[in-house]
There are 2 protein chains.
Amino acid sequence: MLAGRMMAFPLTLTHILERARTYFPTHEVVSRRPDKSLLRHTYAQIHARSVQLARALDRLGVAKGTRVATLCWNHHAHLEAYLGVPASGRVIHTLNLRLHPTELGYIASHAEDEVVIVDRSLLPLFEKFRAEVKSIRHVIVYGDDGPVGDGYLDYEKVLAAESTEGYVFPELDENDAAMICYTSGTTGNPKGVVFSHRSMTLHTFMACSADCLGVRGSDVVFPVVPMFHAAAWGLPYATVMSGAKLIFPGPHLDAASVVELMAQEKVTLAAGVPTIWLGILALLDASPGKFDLSSVRSMLIGGSAAPPAMIEGFRVRHRLEVMHAWGMTEMSPLGTVAHLKSHMAELTDEQKLGYRSSQGFAAPFVECRHVDESGKILPWDGVTMGELEVRGPWVAQSYFGDDGADRFTKDGWFKTGDVVTLCAEGYVRITDRSKDVIKSGGEWISSVALENALMSHPAILEAAVFAGRHEKWAERPLAAVVFKTDKTATSDELRDHLAQSFAKFWLPDEYIVVQQIPRTSTGKFLKTKLRELYGDRLITG
Amino acid sequence: MLAGRMMAFPLTLTHILERARTYFPTHEVVSRRPDKSLLRHTYAQIHARSVQLARALDRLGVAKGTRVATLCWNHHAHLEAYLGVPASGRVIHTLNLRLHPTELGYIASHAEDEVVIVDRSLLPLFEKFRAEVKSIRHVIVYGDDGPVGDGYLDYEKVLAAESTEGYVFPELDENDAAMICYTSGTTGNPKGVVFSHRSMTLHTFMACSADCLGVRGSDVVFPVVPMFHAAAWGLPYATVMSGAKLIFPGPHLDAASVVELMAQEKVTLAAGVPTIWLGILALLDASPGKFDLSSVRSMLIGGSAAPPAMIEGFRVRHRLEVMHAWGMTEMSPLGTVAHLKSHMAELTDEQKLGYRSSQGFAAPFVECRHVDESGKILPWDGVTMGELEVRGPWVAQSYFGDDGADRFTKDGWFKTGDVVTLCAEGYVRITDRSKDVIKSGGEWISSVALENALMSHPAILEAAVFAGRHEKWAERPLAAVVFKTDKTATSDELRDHLAQSFAKFWLPDEYIVVQQIPRTSTGKFLKTKLRELYGDRLITG
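Residues numbered from 1 in each chain as written. Chains lettered and ligands numbered in written order. Predicted model: local features only at pLDDT ≥ 70, side-chain atom pairs only at ≥ 80, totals over all residues.

## Quick word on the overall build of chain A
Regarding its fold elements, chain A presents 16 helices and 25 strands. The buried share among the 541 residues of chain A stands at 54%. (Helix = DSSP H or I, 4+ residues; strand = E, 2+ residues; numbered from the N terminus. Buried ≥ 20, exposed ≤ 12 C-beta atoms within 10 Å, placed from the backbone.)

Below, the structure is given as structure tokens:
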């Protein structure tokens, strides 16, 4: 072979940070404080403060490769840690503040966190697991309301003690670790995904490409998705690389606060999980004309599947474009985006919605396949269900500590645990998590398809379909439904509603009315809990 | 350090080719034939034909790493070579059909080309240097007008003999060579730049990013820039990765043919050198309303500097947006793009034009600096001139055969040979090629700035400013000017015109009226020729 003769220029986040200072020094990062006031920094200031953070870590004797944890809402200091920690050769570990203290203690210990940067408002949570984590050497408290207690360092004082001048970030290998993020699995212990500078950089390029998220300098980007969820889907790095304006919501994630800030700061690209957007859609529906969201070019929805009715509600009633995407922490996280292909312009609205409410097709350099239980690769016919496997330059090769080795195939693919169909156009449609799939008499039934259909019923706020044990069929679908305020429907009505779209053997054997669906810490339906509560009723009566 | 745990998934052009087949099989590639008829292929067909080409090279015993040259206009078969040659592990070498046969013989010998794919219409040119190139084993002729002669293979027959099924492209290292392209220097021998799969892939991601070229699936991309010029600026790969429609002009590069095809195929993004666009602007000015170019979102201009008057002419008179970019073969080739930053929205039209007619600021992961003759790094003040140096993951580290080692600094930068200023915003402005800079009494004078000012004079079609030898000042500027048909101006008038913008010592000592400016094979002013013809007249009278 002949080797190329191009520079071995490393793909590191350091370049992205330096680029922002060089080309976009006056562009803004806006953070909402706990008291709802706004704090504004320029990229020049963010750069200077990232340098100060790096120097402070030097002074504290924090070695290269060491994990520096954050327990923070989305704000500028979290961004400084996103930049200064990896650029100085350490590894940022974003702790999920929604987890139970026991889980947080396990995760911080497993990652061997030595430094923790913690929001003052989250200190009570932190103190619940601090004692569990023997590796912690320094706790740095962020938040400007008075002196910190003994045993804590004050983030602002730590930074103020350092010069902003003359610092040179160390040269890094692009395969060095940049960030570690734990998956919050519903089964087994959480597992750590270790992103490299290379994978994060490539993911950033992808996020900036016109057909993925298309982050650009003229954007005003609003990551409502927490920075402790899979790098806030890569938006912070994509925004800094583009020099776009960045808006952080702080701890205020209720629909009214989010929409008000979007209107005020003229957000162009906002991103969050479906729960957030469901609340926003309800608010917009309830207060027509109150909020001017005309600056918004796209609302990115991910984390779990967006109901088609929501996507269409935004489009038809509010002229707001939803971009539906799918990914996993193990994928940095973006895997697929549900935009239409150029030849689909002539489809009907319903056909378009079909594609736009699917998980989408693979981003460049992400490869997808789905397989049956024996590992056989399945056809892309839009019908055959199988577990989705992926590979690509921003997909995990293994977990930290070599946990969960069974998630990686011998031929180099990651097993997502999602059961999907793939259509001829290559759009992925998740029909289930593999552990939630319902197997009735040897046939697979998609709980997600049934849930989406139930949620299109006018009386239903939300619905979860899960497996009930059955003596003859092994499993049968059961539905847990939450009605909207002042609305209701009979089981027969719901059954008739579903019978329009599904084969008879797919229809749930029972509709259980509940006050709320149990959820995981990241807002996903906790079906293990539903099975525990209701799974045996077909047998026990 | 802690290593990341992400997949070592190689960045290869093979993925881009496979992606087009998987996700965009029905999207089109349109090629204009020599007889002006249009030939249409789908990406599925392009993929199948690239497989056939790969298999044909296997059958011909062409080893991995071997150079496979093309001597072709822009068309589908050239694209098949762009894809099938590197994906199968060979290296495509794009021969510049504008060069003199002696140069072509040198280049093809230097690259040790073993296979040449040549357009039938270019066989007479090829035969002028074939005998020079001892390494050539196979000549494959493309073009469908009758049988080929002895000693040639017919491209279509070679492909038709191969199956399209069951072929698996070899696994490649991302640092393997993918393409070799020679720079057409005005001094010294041409030098070979060896692009790797990695550099080409990263360049493709950059070209697709919203703030660079923003190539997207809904685009109709029209590379008028030849595919034998620095990979047609990366557009073929960016278009294939995005699944956009691709339009090739074949040999028809006159303004009328180009504009007619743009209108007919509803082009959204066209790319070419300023000479092409000057002709198009003149045509549009002369035939208002004749061509519907409303589909065009951007016209990319590079290769040499676009006159501000042209950029403004398109914008004001035809509502067409010019995107001005700068690069070099050694940069794959894109280095900078002259788009405005978000905070510049409020500037006056004149100020905006100032930025948009500069070379722009660096693309992500490209780094720029400019240095004086001692190598000292200069300030970004918009005034101080120095040689531009660049580095980045798609910048050459060395030339093939280690030619031109003096172009690479010890600390890892490539010396562009361009003399520039850098302003505080980071926009590069080329004031000269380093060999064309005029040094008068120790002061540098920018020939490019004087040329742009001369070309804004209503009587002048084009102008070149170059160094004349002078006994007292060492060098003084001389101007060669070409008047528009039926227009003229006196030297005093031209001097007064320039005196509005430049210090007295910058003003040329003489205005020499010529019929045309001598040019290099790539259309750039050949100032060595001007100096040879006129450089001594200040001394010899």
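Here the narrative resumes.
## A short note on the interface of chain B and chain A
How big an interface is tends to be reported as the loss of accessible area on association of its parts. Taken together, the contacts link 61 residues of chain B with 61 residues of chain A. When contributions to the side of chain B that touches chain A are tallied by element, the ones reaching two or more residues are helix H1 (13-23), strand S8 (177-183), strand S9 (191-196), helix H7 (197-208) and helix H8 (235-242) of chain B. The biggest single contributor to the side of chain B that touches chain A is H7 of chain B, with 5 residues. Among the residues making up the side of chain B that touches chain A, the classes are represented as 29 nonpolar, 23 polar and 9 charged. (Contact = placed C-beta atoms within 7 Å. Nonpolar A, V, L, I, M, F, W, Y, C, P; charged D, E, K, R; others polar.)

## Concerning the pairing of S9 of chain B
Residues and elements named next belong to chain B. In terms of burial, S9 is largely enclosed, as 6 of its 6 residues are buried. Because side chains alternate across S9, one face comprises the buried residues Lys191, Val193 and Phe195, and the other comprises Gly192, Val194 and Ser196, equally buried. Where S8 meets S9, 6 bridges bridge the pair, whose relative direction is antiparallel. Residue pairing for S9: Ala177 is matched across the bridge by Ser196. (Pairing = 2+ DSSP bridges.)

## Section: the domain arrangement of chain A
Each assigned domain of chain A is listed here: domain 1 (13-27 + 42-196) and domain 2 (436-541). Its C-alpha centre places domain 1 of chain A at a distance of 42 Å from the equivalent point of domain 2 of chain A. (Domains from an automatic or database assignment.)

## Remarks on the packing of helix H9 (residues 255-264) of chain A against helix H10 (residues 274-286) of chain A
Residue and element names in this part refer to chain A. Two elements in contact, H9 and H10, have axes separated by 9 Å at closest approach and are oriented at 75°. Judged by the inter-axis angle, H9 sits roughly perpendicular to H10. For the pair H9 and H10, contact is made by Ala255, Ala256, Val258 and Val259 and by Ile276, Gly279, Ile280 and Leu283, respectively. Among the residues making up the contact of H9 with H10, the classes are represented as 7 nonpolar, 1 polar and no charged. (Axes fitted to C-alpha atoms, helices over the stretch in contact; angles between N-to-C directions. Parallel < 35°, antiparallel > 145°, perpendicular 65-115°, else oblique.)

## Brief notes about the packing of H1 of chain B against helix H3 (residues 76-87) of chain B
In helix packing, the relevant descriptors are the interaxial angle and the interaxial distance, both defined with respect to the helix axes. Residues and elements named next belong to chain B. In contact at an axis separation of 8 Å, H1 and H3 are set at 125° when each is read in the N-to-C sense. Relative to H3, H1 is oriented oblique. The two elements H1 and H3 meet at a crossing, and its hand is left-handed. Residues Leu13, Thr14 and Leu17 of H1 pack against Leu83, Pro86 and Ala87 of H3. Of the residues contributing to the contact of H1 with H3, the split by class is 5 nonpolar, 1 polar and no charged. (Left-handed = near helix turned anticlockwise from the far one by under 90°.)

## Details of helix H2 (residues 43-59) of chain B
Residues and elements named next belong to chain B. Along its 17 residues, H2 runs 24 Å from first to last C-alpha, staying within 8% of the 24 Å computed at 1.5 Å per residue. Taking burial as the measure, the 17 residues of H2 include 12 buried ones, the bulk of the element. Restricting attention to buried positions, one finds in H2 the residues Tyr43, Ile46, His47, Ala48, Arg49, Ser50, Val51, Gln52, Leu53, Ala54, Ala56 and Leu57. Phi for Gly61, located one or two positions after H2, is positive at around 75°. (Expected span 1.5 Å × (residues − 1).)

## Describing the sheet that holds strand S6 (residues 138-142) of chain A
Residue and element names in this part refer to chain A. Read across the open sheet, the 7 strands follow the order S7-S6-S5-S3-S4-S8-S9; overall the sheet is mixed. For this open sheet the edge positions go to strand S7 (153-154) and strand S9 (191-196), each flanked by a neighbour on one side alone. As paired elements, strand S5 (residues 113-119) and S6 share 5 bridges and run parallel to each other. In the strand pairing of S6, Asp119 is matched with Tyr142. Contacts from helix H7 (residues 197-208) reach strand S8 (177-183) and S9 within the one sheet, and its direction differs from that of S9 by about 75°.

## Topic: the sheet that holds strand S16 (residues 361-362) of chain B
Residues and elements named next belong to chain B. Read from one edge of the open sheet, 9 strands run S2-S1-S11-S10-S12-S13-S14-S15-S16, paired in mixed fashion. The open sheet has two edge strands, strand S2 (38-42) and S16, and neither has a second partner. Judged from the 3 bridges that link them, strand S10 (residues 220-223) and strand S12 (residues 269-272) form a sheet pairing that is parallel. The partner of Val221 across the bridge, within S12, is Leu269. The sheet contacts of H2 involve strand S1 (28-32) and S2, and relative to S2 the element is tilted by about 85°. Strand contacts of H3: S1, S2 and strand S11 (245-248), with the helix running at about 130° to S1, the strand carrying the most contacts.

## Considerations on the relation of the copies chain B and chain A
You can overlay chain B on chain A at an RMSD of 0.1 Å; the transform is a turn of 180° with a shift of 0.0 Å along its axis. Taken together, these values place the two copies in the relation of a two-fold axis. Taking C-alpha positions as the reference, the residue of chain B nearest the rotation axis is Ser209 of chain B, at 1.9 Å. A shared interface surface links the copies, since 100% of the contact residues of chain B are contact residues in chain A too. (Least-squares fit on C-alpha atoms with pLDDT ≥ 70 in both.)

## Considering the confidence of the model for chain A
Mean pLDDT over chain A: 94, with 99% of residues reaching 70 or higher. Predicted as a complex, the structure gets a pTM of 0.91 and an ipTM equal to 0.91. (pLDDT = per-residue confidence, 0-100.)

## Quick notes on unusual backbone geometry
Residues and elements named next belong to chain A. The omega torsion of the bond from Ser332 to Pro333 falls at 5°, within 30 degrees of zero and hence cis. Mapped onto the secondary structure, Pro333 falls in the loop between strand S14 (322-327) and strand S15 (334-337). Phi at Ala231 takes a positive value of approximately 55°, unusual for a residue other than glycine. Along the chain, Ala231 turns up in the loop between strand S10 (220-223) and helix H8 (235-242). Using a count of 27 C-beta atoms within 10 Å as the deciding quantity, one classes Ala231 as buried.

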